[in-house]
Amino acid sequence: MFEELSNKFDKVFSFIRGKGKVTEANIDEFLREVRRVLLDADVNYKVVKDFIQDVKNNVLSQNVFTSINPAQLIINTINSQLIKLMGEKRTDIHFSNNIPSVIMVVGLQGSGKTTFAAKLANYLRSKGRSPAMAACDVYRPAAIEQLISLGKQVNIPVYSDDSKDPLKIAQNASDYCRQNFKDTLIVDTAGRLAIDEEMMREVETLKAELNPTEILFVVDAMTGQDAVNTAKEFHNRLDYDGIILTKLDGDTRGGAALSIRAVVTKPIKFVGIGEKLDAIEPFYPDRMAGRIMGHGDLTSLVEKAAEILPQELDEKKLKKLEEKLNKNKFDFNDFLDQLQQIKKMGPLSQILSMIPGADKMLKGREVDEKPMKKVEAVITSMTFKERENPNILNGSRRRRIAAGSGTTIQDVNRVIKQFHEMQRMIKQMKKGKMNNFLKNFNIPNI
Ligand SMILES: Nc1nc2c(ncn2[C@@H]2O[C@H](COP(=O)(O)OP(=O)(O)OP(=O)(O)O)[C@@H](O)[C@H]2O)c(=O)[nH]1
Ligand SMILES: [Mg+2]
């Protein structure tokens, strides 16, 4: 996410980091570069102008010329101004005391409304709510089936009927919620290629008649300043409550995320980071600024792990793992367990994007998920006994495993070798040779 922007910022920052003292001319030169980086990222020019002015005023008001570490002061100021630009604090979804709370999802065609509706339903259920969805896109063929199919995937009920009248469907869906104890109704509406009168009237009627608790405007972040413009036009007509930026997993330059809040004065509430139904993140201005500044987003990573760990790693399992480690009995079954847990956290690229500096290490290269899949295929092709006692893996067993996992004997040998190395490392760590272990990775002693 925002790799290019983050890399460019890094280069510009190294210019100012190289200076022990700064002059006003240095600051101006530096800010000119920052300005260029932001414009390149497709940030609205007026937003950039105000941003640069704010950073400058702020920096000058902090005695930057006599500061011991002027670079840090300037970089911190940019960080806090970025947070401010994106809305300072997280704004959550609001719910009403009436049942159901109605959340209406609107936006242009293909922006990701239907996908987001299912992602949000799934997310809200994990937070203890009981959602249902209403299929109110009666125009695009197969739109209703799409929502029903997504609903099935996350096991959330979808209300639809063949009345062909979006308002009626939504009203019937509300009745369905009241009868079935569903406290939240997410209404998926139709999209259009461009804003047109008919579409706007339809959502205006839905708004007036349904009185939704929240209207969320969904927009594809890849469309840059166009996203900002449509957000503005929709807002003029609909006065929605929040913005959803989708497709931030692509190589978005960042312009929409950075300028939309300042131009439309409505908060970004969630971002979409993939096609899968768990690829949704609540939007936090400070965490997003951290990613742009190349600090990573460890808070989200830890949260993501915490969501999985309580279910997967119960006390008993942890204890067993600890015992096995103590007795040097960590086997392929445990290895497989660990692999599967990492996989639950999402694609490797998503996990890595949250780790500070990882983006830089990858330098824009795609993360190759294949090796991990290969390792998993090899281990799952072993019998339980073989996983427990890899020493019995003779030539014929290895041949069978290679055939069963669609890999080669060399692949199987490699996995077994890696496993033995891992076992050796665990032993070293246990013998208190932590520093030796760290040397393997060029990590300074601790
Ligand atoms: N990479 C990526 N793809 C997404 C994301 N959100 C949605 N998509 C994809 O974008 C395409 C369009 O998504 P939909 O949810 O059908 O969009 P929509 O706004 O409902 O489209 P219409 O109903 O035709 O107006 C689908 O292929 C989705 O899988 C995202 O966050 N990242
Ligand atoms: Mg749709």
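Look up: the structure comes first, before these words.
Let me sum up the structure you'll find in this document. Throughout, residues of each chain are indexed from 1 in the direction in which the sequence is written. Whichever chain is written first becomes A and whichever ligand is written first becomes 1, with later ones labelled in order. Side-chain atom pairs in this predicted model are given and counted only at pLDDT of 80 or more, local residue features only at pLDDT of at least 70, and totals for whole chains, interfaces and linings cover all residues.

1. A few points about the overall build of the chain
For clarity, the threshold we go by: Put simply, DSSP H or I for four residues or longer makes a helix, DSSP E for two residues or longer makes a strand, and each gets a number counted from the N terminus. Buried means a residue has 20 or more other C-beta atoms within 10 Å of its own C-beta, exposed means 12 or fewer, and partly exposed covers the counts in between; C-beta atoms are placed from the backbone. Whether two residues are in contact is decided by their C-beta atoms, placed from the backbone, lying within 7 Å.
Within the chain one finds 21 helices and eight strands. Taken over 446 residues, the chain has a buried fraction of 36%. Put simply, 73% of the contacts in the chain that link residues at least 6 apart link residues at least 24 apart.

2. Remarks on the site of ligand 1
Applied cut-off: For each residue, a C-beta atom is positioned from the backbone; the residue is called near a molecule or strand if that atom sits within 6 Å of it. Gly is put with the polar residues, along with every residue not named as nonpolar or charged; the nonpolar set is Ala, Val, Leu, Ile, Met, Phe, Trp, Tyr, Cys and Pro, and the charged set is Asp, Glu, Lys and Arg.
Around ligand 1, 21 residues are found, and the nearest of them are Gly 112, Thr 114, Thr 115, Gly 191 and Gly 272. Looking at the shell around ligand 1, the element that brings in the most residues is helix H5 (residues 113-126), giving three residues. Here the shell around ligand 1 is built from residues that sort into three nonpolar, twelve polar and six charged.

3. Focus: the packing of helix H2 (residues 24-40) against helix H3 (residues 45-60)
Stated precisely, the cut-off is as follows: Each axis is a line fitted through C-alpha atoms, and for a helix only the stretch in contact is used; angles between axes span 0 to 180 degrees, taken between their N-to-C directions. Should an angle fall under 35 degrees it is taken as roughly parallel, and over 145 as roughly antiparallel, whereas 65 to 115 is taken as roughly perpendicular and any remaining angle as oblique. The hand of a helix crossing depends on one turn: near helix anticlockwise from the far one by less than a right angle means left-handed, and clockwise means right-handed.
Direction vectors running N to C along H2 and H3 enclose 150 degrees, while the axes themselves pass 10 Å from each other. With respect to each other, H2 and H3 are oriented roughly antiparallel. The hand of the H2/H3 crossing is right-handed. Residues Ile 27, Leu 31, Val 34, Arg 35, Leu 38 and Leu 39 of H2 form the contact with H3, whose own contacting residues are Tyr 45, Val 48, Phe 51, Ile 52, Val 55, Lys 56 and Val 59. When the residues that make up the contact of H2 with H3 are grouped by side-chain class, the tally is eleven nonpolar, no polar and two charged.

4. Topic: the environment of Thr 246
Among the secondary structure elements, Thr 246 is positioned in strand S6 (residues 242-246). As for Thr 246 and Ile 280, which are separated by 34 residues in sequence, their C-alpha atoms are 8.7 Å apart. Residues within four places of Thr 246 in sequence aside, it is in contact with Ser 111, Gly 112, Phe 116, Val 218, Asp 220, Ala 221 and Gly 272.

5. Observations concerning the nonpolar core
Note the following rule: Only buried residues count toward a nonpolar core: Ala, Val, Leu, Ile, Met, Phe, Trp, Tyr and Cys, linked into one set through C-beta atoms within 7 Å. Boundary definitions for the domains trace back to an automatic or database domain assignment.
Among the nonpolar cores identified, the biggest contains 91 residues, and Val 105, Met 133, Ala 134, Val 187, Phe 217 and Leu 245 are the most heavily contacted of them. Element by element, the count of residues in this core is highest for H5, at seven residues. For this core, the two domains that each supply at least three residues are domain 1 (3-85) and domain 2 (101-293). Among residues more than four places away in sequence, those in contact with Phe 217 are Val 106, Gly 107, Ala 231, Phe 234, Tyr 240, Ile 243 and Ile 244.

6. With respect to the pairing of strand S2 (residues 131-135)
Within a regular strand, side chains alternate between the sheet's two faces. Inclusion rule: The pairing criterion for strands is at least two bridges between them, as found by DSSP.
Counting buried positions along S2 yields five of five residues, so the element is predominantly enclosed. The side-chain alternation of S2 yields two buried faces, one formed by Pro 131, Met 133 and Ala 135 and the other by Ala 132 and Ala 134. Sheet topology note: the S2/strand S4 (residues 184-188) ladder contains five bridges and is parallel. Its bridge partner lying in S4, Ala 134 is registered against Val 187. When S2 meets strand S3 (residues 158-159), the two strands line up parallel, connected through two bridges. Across the sheet, residue Ala 134 finds its bridge partner in S3, namely Tyr 159.

7. Considerations on the packing of helix H1 (residues 3-17) against H2
At a minimum axis separation of 10 Å, H1 and H2 run at an interaxial angle of 175 degrees. Overall, the two elements H1 and H2 adopt an arrangement that is roughly antiparallel. The segment H1 lies against H2, with Leu 5, Lys 8, Phe 9, Val 12, Phe 15 and Ile 16 engaging Phe 30, Glu 33, Val 34, Val 37 and Asp 40. Of the residues assigned to the contact of H1 with H2, the class counts are eight nonpolar, no polar and three charged.

8. Re the environment of Lys 19
Along the chain, Lys 19 falls in the loop between H1 and H2. In this structure, the C-alpha to C-alpha distance between Lys 19 and Ala 71, residues 52 residues apart in sequence, is 7.2 Å. The contact partners of Lys 19, leaving out residues within four places of it in the chain, are Asn 26, Pro 70 and Ala 71.

9. What about the sheet that holds S2?
Strand order across the open sheet formed by eight strands is S3-S2-S4-S1-S5-S6-S7-S8, with mixed pairing between neighbours. The open sheet has two edge strands with one neighbour each: S3 and strand S8 (280-282). As defined by bridge partners, strand S7 (residues 268-272) adjoins S8 across three bridges and the pair is classed as antiparallel. The residue bridging Phe 270 from the neighbouring strand is Pro 282, located in S8. Lying on the sheet, helix H7 (residues 166-179) is in contact with strand S1 (101-107), S2, S3 and S4; it crosses S2 at an angle near 160 degrees. The sheet strands contacting helix H10 (residues 255-264) are strand S5 (214-220), S6 and S7, and the helix crosses S6 at an angle near 165 degrees.

10. Points about helix H17 (residues 370-380)
The criterion, for reference: Along the arc lie the directions from the helix axis toward the C-beta atoms.
Listed as buried for H17 are Val 375, Val 378 and Ile 379. End-on, the buried residues of H17 take up no more than an arc of 95 degrees, which puts them together on one face.

11. Re the pairing of S1
Counting buried positions along S1 gives seven out of seven residues, so the element sits mostly inside the fold. Of the two faces of S1, the one carrying Ser 101, Ile 103, Val 105 and Gly 107 and the one carrying Val 102, Met 104 and Val 106 are both buried. Sheet analysis places S1 next to S4, joined by five bridges and oriented parallel. Bridging from a neighbouring strand, Ile 103 pairs with Ile 186 of S4. Bridging between S1 and S5 involves five bridges; their strand directions are parallel.

Interpretation note: all reported values are geometric properties and have no functional meaning in isolation.
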